[in-house]
Amino acid sequence: VFGSKSIQSVTWDALNNFETALDLDPNNATAHYGIALIDEFQKYNYISAEEEFLRAIELEPNNPFLLGHFSGFLARRSLFKESLSYRYRSDSLSGIPDWDHHMWILGLSGNVSKTIEIYESYIKHNENIDSEIVGSSLFYIDEYALSLPYLADDHFPRAKTHLALAYYHTGSY
């Protein structure tokens, strides 16, 4: 993706490599995870993506990375209760709470009080945050003014879109 090739050609090269990996070892959790990402973000086949995520997790049930990414998949499908469950499992296994993503899931779900609670008790006082996730979380609960510095600090396209809308909602045309 970051080289000279287009994302489409890289995706299909990666898919071929994941399929070859599964031919060699059907229990390769990383290959199942990679196919899940391609199914979700390139093919928009959410049924297959979920199956691949779950197969990867079945193979490596104590992998906090897989659990965390599946949590994000569930949040993007508006399955917030399930998403938080996987997030808690991931955090428990890694020993490090991912407050940014907790806040993001709660913000997407519309849980204003819990989102603000995390913002005020942890995020606001921690230097190691994901600006786009924190800014978007605040944006989702209509805290546009609070979201501005976080969104302005990030170059991810979604952050810039949210930034433009936050400026609009705060009257900064």
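Residues numbered from 1 in each chain as written. Predicted model: local features only at pLDDT ≥ 70, side-chain atom pairs only at ≥ 80, totals over all residues. Heavy atoms only, no water.

Peer 1: Sorry if this is basic, but what is going on with helix H5 (residues 80–94) here?
Peer 2: Owing to its 3.6 residues per turn, the α-helix brings residues three or four apart onto one side. Helix length check: H5 (15 residues) gives 21 Å between terminal C-alpha atoms against 21 Å at 1.5 Å per residue, within 8%. Here H5 has its buried residues at Phe80, Ser83, Leu84, Tyr86, Arg87, Ser90 and Asp91. The buried residues of H5 occupy an angular sector of 165 degrees when the element is viewed end-on, so they sit on one face. The exposed residues of H5 that point more than 90 degrees off its buried face are Lys81 and Ser92. Where H5 is buried, its residues meet helix H3 (46–59), helix H4 (64–76) and helix H6 (99–109). The positive-phi residue at the C-terminal boundary of H5 is Gly95, with phi of around 80 degrees. (Helix = DSSP H or I, 4+ residues; strand = E, 2+ residues; numbered from the N terminus. Expected span 1.5 Å × (residues − 1). Buried < 20%, exposed > 50% of the residue type's maximum accessible area, 1.4 Å probe, protein only. Arc of directions from axis to C-beta. Contact = heavy atoms within 4.5 Å.)

Peer 1: What's the story with the pattern of salt bridges in this structure? I'm lost.
Peer 2: Where charged atoms from two side chains of opposite charge come close, those side chains can pair. Summed over all chains, the structure comprises eight salt bridges. The partner of Arg77 in a salt bridge is Glu40, and the shortest N-O contact between them spans 3.0 Å. Of this pair, Arg77 sits in the loop between H4 and H5 while Glu40 sits in helix H2 (residues 29–43), placing them 37 residues apart in sequence. The exposure class of Arg77 is partly exposed, given its relative accessible area of 25%. For Asp98, the salt bridge is made with Arg87, and the minimal N-O distance between the two is 3.4 Å. Residue Asp98 is located in the loop between H5 and H6, and its partner Arg87 is located in helix H5; the two are separated by eleven residues in the primary sequence. Salt bridges sharing common partners tie together Glu40, Arg76 and Arg77. (Salt bridge = Lys/Arg side-chain N within 4 Å of Asp/Glu carboxyl O.)

Peer 1: Got a minute to help me understand the packing of aromatic side chains in this structure?
Peer 2: Each aromatic ring pair is characterised by the separation of its centres together with the angle its planes make. Under the definition given, this model contains eleven aromatic pairs. When the centroid spacing of 5.3 Å and the interplanar angle of 65 degrees are considered together, the rings of Tyr33 and Phe65 count as edge-to-face. Of this pair, Tyr33 sits in helix H2 while Phe65 is found in helix H4, placing the two residues 32 residues apart along the sequence. Judged by its relative accessible area of 10%, Tyr33 falls in the buried class. (Phe/Tyr/Trp six-rings, centres within 6.5 Å; stacked < 30°, edge-to-face > 60°.)

Peer 1: Is there a simple way to explain the environment of Gly68 in this structure?
Peer 2: As for its placement among the helices and strands, Gly68 is situated in helix H4. Judged by its relative accessible area of 9%, Gly68 falls in the buried class. Spatially, the C-alpha atom of Gly68 lies 36 Å from that of Ser172, the residues being 104 residues apart in sequence. Those residues in contact with Gly68, other than ones at most four positions away along the chain, are Arg87 and Ser90.

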